[in-house]
Amino acid sequence: MVIFDRHRRLRSTASIRDLVRENHLIRDDLIMPVFVDATIKDKEEIASMPGIYRFSLAAVLDEIKEIVDLGIQSVIIFGIPDHKDDVGSGAWEENGVVQQAIRKIKAAYPDLIVIADTCLCEYTSTGHCGIVKDHRVLNDESLVYNTKTAVSQVKAGADMVAPSNAMDGFVAAIREGLDKAGFQNTPIMSYSVKYASSFYGPFRDAADGAPQFGDRKGYQMDPANRLEALREVASDEKEGADFVMVKPAMAFLDIMRDVRNHTNLPLVAYNVSGEYAMIKAASQNGWIDEDQIVKETLVGMKRAGADLIITYFAKDAAQRINKQRW
Ligand code: PBG
């Protein structure tokens, strides 16, 4: 019998496997989420996300120092304000919790890339990502406040904004707002392909941003759809996005690959809160090998086409990468 293909030749030793490995995770791929909370004194662990904390303005620099010391070069900031109202003013006022955090972080770490999540859901009394009238989330009116938010974040020193509110035209509106304010060089990382997903559950606990009525299915995408993702990416490209994103990641890696094959922009994967919670829970039960599962998960996102990964595992992964190649 002749065996034509001996695939195992290239798997025979660790060094040969290193030689032919197609995808790698490097530290520069990682973006660590950071929650700043105006209502607490120090830091509080998020119950459904063990190891992830909400930080007060006084405590946030300790976390940033750890992140920077691990060699991570980007963070994305989320805020929990001390007041909520109809127009989400905590999201866009000059002394909002995120604006204060950004000023503090950039003053201490000018080289760290600080990305601001641009949305209203943590700041509106309805918990929706936009302005609500008669139980409907209005599109164009919401763009006004979303743009105000982006501009105020960049004024505070954000290097980039990441709009996540899923309104139509949000990239164009923010681009115009930033340009008018003199920020032509500030990139937009758009949450282009954002599904209405139950994988955001733990985040909504963390950021206190669950909708008070209804759900987000009228503005976020249906998980059953694939072509719609490509239409979203095409709109964002036309409107001037500098990065596109697919979110969540694990159950949507086919979409990641589709988007990779259709865009030349840098592609971001968001490894969301529910994905983190599931791995942590199984690991705490001793059911899985967390390190290996995280490595496989993150490199799977790279293989699917992601250039960058927003992940609550960023610190853990950076620690491993510093010791050995992942
Ligand atoms: C804000 C926003 C959400 C997430 C990121 N930005 C929540 C949502 O859309 O409901 C989720 C992130 C995660 O689950 O880790 N709109």
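Each chain has its residues counted from 1, following the order in which its sequence is written. Given that this is a predicted model, residues contribute local features only at a pLDDT of at least 70 and side-chain atom pairs are listed and counted only at 80 or more, while totals for whole chains, interfaces and linings are drawn from all residues. Side-chain descriptors were evaluated using all non-hydrogen atoms of the structure, hydrogens and water having been removed beforehand.

(A) View of the nonpolar core. Definition of nonpolar core: a set of buried residues of the types Ala, Val, Leu, Ile, Met, Phe, Trp, Tyr and Cys, connected through side-chain atoms within 4.5 Å. Burial classes: relative accessible area under 20% of the type maximum marks a residue as buried, over 50% as exposed, and values in between as partly exposed (1.4 Å probe, protein chains only). In terms of nonpolar packing, the biggest core is built from 83 residues, with Phe35, Val75, Met189, Val193 and Val259 touching the most fellow members. Helix and strand assignments follow DSSP, with helices taken as H or I runs no shorter than four residues and strands as E runs no shorter than two, numbered in order from the N terminus. Sorting elements by how many residues they give to this core places strand 1 (residues 30–37) first, with six residues. Any pair of residues with heavy atoms lying within 4.5 Å of one another is described as a contacting pair. Each residue touching Val259, except ones within four places of it in the same chain, is listed here: Val193, Leu230, Val233, Val244, Val246 and Leu267. Among the nonpolar cores identified, the runner-up in size contains 18 residues, and Cys121, Met167, Ile188 and Ala241 belong to it.

(B) Focus on the site of the ligand. We define proximity as follows: a residue is near a molecule or strand when any one of its heavy atoms falls within 4 Å of that partner. Among the 19 residues in the neighbourhood of the ligand, the closest are listed as Lys194, Arg204, Lys247, Ser273 and Tyr312. Here a polar contact is taken to be a pair of N or O atoms separated by no more than 3.5 Å, where protein atoms must pair a possible hydrogen donor with a possible acceptor and residues adjacent in sequence count only if both atoms sit in side chains. Lys194 is positioned with one of its side-chain polar atoms (N or O) 2.7 Å from an oxygen atom of the ligand. The contact in question runs from an oxygen atom of the ligand to an N or O atom on the side chain of Gln220, over 3.0 Å. Note that accessible areas follow from Shrake-Rupley with a 1.4 Å probe, and for residues the cover is restricted to the protein chains shown. Protein coverage of the free-state accessible area of the ligand, which is 400 Å², stands at 100%. Here a cavity denotes a set of grid points, spaced 1 Å apart and computed over the protein atoms alone, in which a 1.4 Å probe fits but from which it cannot get out, and a pocket denotes an open set meeting protein on both sides within 12 Å along at least five of seven lines; residues with an atom within 4 Å of a point are reported as lining. To be counted as sitting in a cavity or pocket, a molecule needs more than half of its atoms within 2 Å of that site's grid points. Here the ligand is seated within the largest cavity.

(C) Spatial organisation of the pairing of strand 10 (residues 243–247). Most of strand 10 sits out of view: five of its five residues are buried. Alternating residues of strand 10 divide into Phe243, Met245 and Lys247 and Val244 and Val246, and every residue in both groups is buried. Strands qualify as paired when DSSP identifies two bridges or more between them. With four bridges connecting them, strand 9 (residues 189–194) and strand 10 associate as parallel partners. Looking across to strand 10, one finds that Val193 is bridged to Val246. The path from the first strand over the helix to the second decides the hand: if it runs clockwise while the strands point away from the viewer, the crossover is right-handed. For the crossover from strand 10 across helix 9 (residues 253–262) to strand 11 (residues 267–271), the handedness is right-handed.

(D) Layout of the packing of helix 8 (residues 227–239) against helix 9. For the pair helix 8 and helix 9, interaxial distance at closest approach is 10 Å and the crossing angle is 40°. On the basis of the axis angle, helix 8 is oblique to helix 9. In the packing of helix 8 onto helix 9, the handedness of the crossing is right-handed. Residue-level contacts link Ala229, Leu230 and Val233 of helix 8 to Ile255, Asp258, Val259 and His262 of helix 9. For this scheme, ten residues count as nonpolar: Ala, Val, Leu, Ile, Met, Phe, Trp, Tyr, Cys and Pro. Four count as charged, namely Asp, Glu, Lys and Arg, and the remainder, Gly too, count as polar. Residues that form the contact of helix 8 with helix 9 fall into these classes: five nonpolar, one polar and one charged. To get an axis, fit a line to the C-alpha atoms, keeping to the stretch in contact for a helix; angles then go from 0 to 180 degrees between the N-to-C directions. Each angle is binned into one of four classes, with values under 35 degrees roughly parallel, values over 145 roughly antiparallel, values of 65 to 115 roughly perpendicular, and all other values oblique. Should the near helix be turned anticlockwise from the far one by less than a right angle, the crossing is termed left-handed; should it be turned clockwise, right-handed.

(E) Representation of a positive patch on the surface in the model. Each patch is built from residues lacking any salt bridge and having more than 30% relative accessible area; the joining distance is 9 Å for like charges and 5 Å for nonpolar side chains (Val, Leu, Ile, Met, Phe, Trp, Tyr). Here, a salt bridge means any side-chain nitrogen of Lys or Arg that lies within 4 Å of a carboxyl oxygen of Asp or Glu. In this charge count, Lys and Arg are treated as positive and Asp and Glu as negative; neither His nor the chain ends contribute. By convention, charge coordinates are those of NZ in Lys, CZ in Arg, CG in Asp, or CD in Glu. Judged by side-chain charge, Arg6, Arg8, Arg9 and Arg11 come together as a positively charged surface patch. Tracing the sequence through the fold places Arg11 in the segment before helix 1 (14–20). Under the relative-accessibility criterion, Arg11 is labelled exposed at 52%.

(F) Representation of the side chain of His128 in the model. Structurally, His128 can be placed in the loop between strand 5 (113–118) and strand 6 (131–133). A distance of 2.9 Å separates a polar atom in the side chain of His128 from the backbone oxygen of Phe213. Beyond its immediate stretch of four places on either side in the chain, His128 contacts Leu120, Cys121, Val137, Pro211, Phe213, Asp215, Arg216 and Tyr219.

(G) A look at empty space enclosed by the protein. Grid points are joined across faces, edges and corners, and a volume is the space filled by probe spheres set on the points. By the definition in use, this model includes two cavities of 30 Å³ or more. Looking at the largest cavity, its volume works out to about 160 Å³. The set of elements that each furnish at least two residues to the lining of the largest cavity consists of strand 9 and helix 7 (201–207). The class makeup of the residues in the lining of the largest cavity is nine nonpolar, four polar and six charged.

(H) Representation of the layout of surface pockets. Put simply, the largest pocket is a space of about 260 Å³. Looking at the lining of the largest pocket, the elements that each hand over two or more residues are helix 1 and helix 11 (290–304). Within the lining of the largest pocket, the residues separate by chemical class into three nonpolar, one polar and five charged.

(I) Up close: the side chain of Ser192. Locating Ser192 in the fold gives a position in strand 9. Given the relative accessible area of 4%, Ser192 is considered buried. One polar contact links Ser192 to Asp236, side chain to side chain, over a distance of 2.8 Å.

(J) Inspection of the environment of Tyr200 at higher detail. Relative to the assigned elements, Tyr200 resides in the loop between strand 9 and helix 7. Assessed through its relative accessible area of 4%, Tyr200 is described here as buried. When the C-alpha positions of Tyr200 and Lys238 are compared, they lie 28 Å apart, and in sequence the two are 38 residues distant. Apart from the residues lying within four places of it in its own chain, the contact partners of Tyr200 are Lys194, Tyr195, Gln220, Lys247, Pro248, Val272 and Ser273. Within polar-contact distance, the side chain of Tyr200 engages the backbone oxygen of Tyr195 at 2.6 Å.

By themselves, these observations are geometric and do not establish any function.
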